[in-house]
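Secondary and tertiary structure notes
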Amino acid sequence: HKHNVVVDVRNMKSFDERTFFSYDQVVFVFMNALDSVPSSTLELFERISLTEKNHQEIYAMIICDEFEIEKCDHSKKIIKKWCEKENLLFKGTFQLGAGLIIMKSLRKYTVTMMIEKFVDKIINHQEVFMSLTAFSLNGFIKDGNRYWRNEMKKKRKEVKMNQK
């Protein structure tokens, strides 16, 4: 069955917290900063705290650079606690480990499929607690080393170019 869904994508600069009450569902997407919610997102929470709310459903996609998805747990707890305090409905998270490396590999297609499942859960107003790291520990180390070797090669080329 079809749903009428209106998607309004905003970043920190374009989001107007005074319109927060008009949304049924809000999805926060961010990269963990020091194993926690980044200060820019916390600032947004603070701005929203001062506005009218309508028991919106809150979801989050939390991306961490580390292999261990557990690094996202602290952020999930912060968002859940904020929702309780603000009388919002915390509906869940999609936690993605090794985010930067995955998005530069073929595994990004797996992530795309998982995001589609996440979106489907949101559209259907379901609770969701998904996580994906898409690596074995050995695969993570192997891809991570390959990524950093390539970055070092780029940097060496850049240094050589600047020395000429």
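Structure's up top.
Residues numbered from 1 in each chain as written. Predicted model: local features only at pLDDT ≥ 70, side-chain atom pairs only at ≥ 80, totals over all residues. Heavy atoms only, no water.

**Some points on the overall build of the chain**
- Broken down by element type, the chain carries five helices and four strands.
- Starting at the N terminus and ending at the C terminus, the chain contains elements arranged as β-α-β-α-β-α-α-β-α.
- Taken along its principal axes, the extent of the C-alpha atoms in the chain is 60 × 35 × 30 Å.
- Per-residue burial for the chain yields a buried fraction of 37% across its 164 residues.
- Residue pairs at least 24 apart in sequence account for 78% of intrachain contacts in the chain once pairs closer than 6 positions are excluded.
- On the chain, roughly 11000 Å² of surface is accessible, and the fraction owed to carbon and sulfur atoms is 54%.
- Each charge class in the chain was averaged separately, 28 positive and 22 negative side chains, and the resulting centres sit 10 Å apart. (Helix = DSSP H or I, 4+ residues; strand = E, 2+ residues; numbered from the N terminus. Buried < 20%, exposed > 50% of the residue type's maximum accessible area, 1.4 Å probe, protein only. Contact = heavy atoms within 4.5 Å. Areas by Shrake-Rupley, 256 points an atom, 1.4 Å probe, with all protein chains shown as cover. Lys, Arg positive; Asp, Glu negative; His and termini not counted. Charge placed at Lys NZ, Arg CZ, Asp CG, Glu CD.)

**Some details on the sheet that holds strand S3 (residues 89–96)**
- Strand order in the open sheet formed by four strands is S1-S2-S3-S4, with parallel pairing between adjacent strands. The open sheet has two edge strands with one neighbour each: strand S1 (25–31) and strand S4 (128–132). The sheet shows a mean angle of 15° between the axes of neighbouring strands, taken without regard to direction.
- Pairing analysis gives seven bridges linking strand S2 (residues 57–63) to S3, with the strands arranged parallel. Residue pairing for S3: Ala 60 is matched across the bridge by Thr 93.
- In this fold helix H2 (residues 73–86) packs onto S1, S2, S3 and S4, with an angle of close to 165° to the strand it touches most, S3. (Pairing = 2+ DSSP bridges. Axes fitted to C-alpha atoms, helices over the stretch in contact; angles between N-to-C directions.)

**As for the packing of aromatic side chains**
- A full pass over the atoms with the stated rule returns nine aromatic pairs.
- When the centroid spacing of 4.1 Å and the interplanar angle of 10° are considered together, the rings of Phe 45 and Trp 82 count as stacked. Taken together, the residues Phe 45 in helix H1 (residues 39–49) and Trp 82 in helix H2 connect sequence positions 37 residues apart. An identical accessibility class is assigned to Phe 45 and Trp 82; each is buried.
- Every member of this aromatic cluster is reached through a ring pair, and the members are Phe 15, Phe 20 and Tyr 23. (Phe/Tyr/Trp six-rings, centres within 6.5 Å; stacked < 30°, edge-to-face > 60°.)

**A look at the side chain of Asn 32**
- Tracing the backbone shows Asn 32 in the loop between S1 and H1.
- Reaching out from Asn 32, the side chain makes a polar contact with the backbone oxygen of Lys 71 at a distance of 2.7 Å. (Polar contact = N/O pair within 3.5 Å; in protein donor to acceptor, adjacent residues only side chain to side chain.)

**Some words on the nonpolar core**
- Among the nonpolar cores identified, the biggest contains 20 residues, and Phe 20, Phe 28, Ile 48, Ile 58, Ile 79, Trp 82 and Cys 83 are the most heavily contacted of them.
- Every element with two or more residues in this core is listed here: S1, H1, S2 and H2.
- Residues contacting Ile 79, with those up to four places away along its chain left out, are Phe 30, Val 37, Phe 45, Ile 58, Ala 60, Ile 62 and Phe 90.
- Core analysis: the next-biggest nonpolar cluster, separate from the first, contains 14 residues, Met 61, Ile 63, Phe 94 and Val 128 among them. (Core = buried A, V, L, I, M, F, W, Y, C linked by side-chain atoms within 4.5 Å.)

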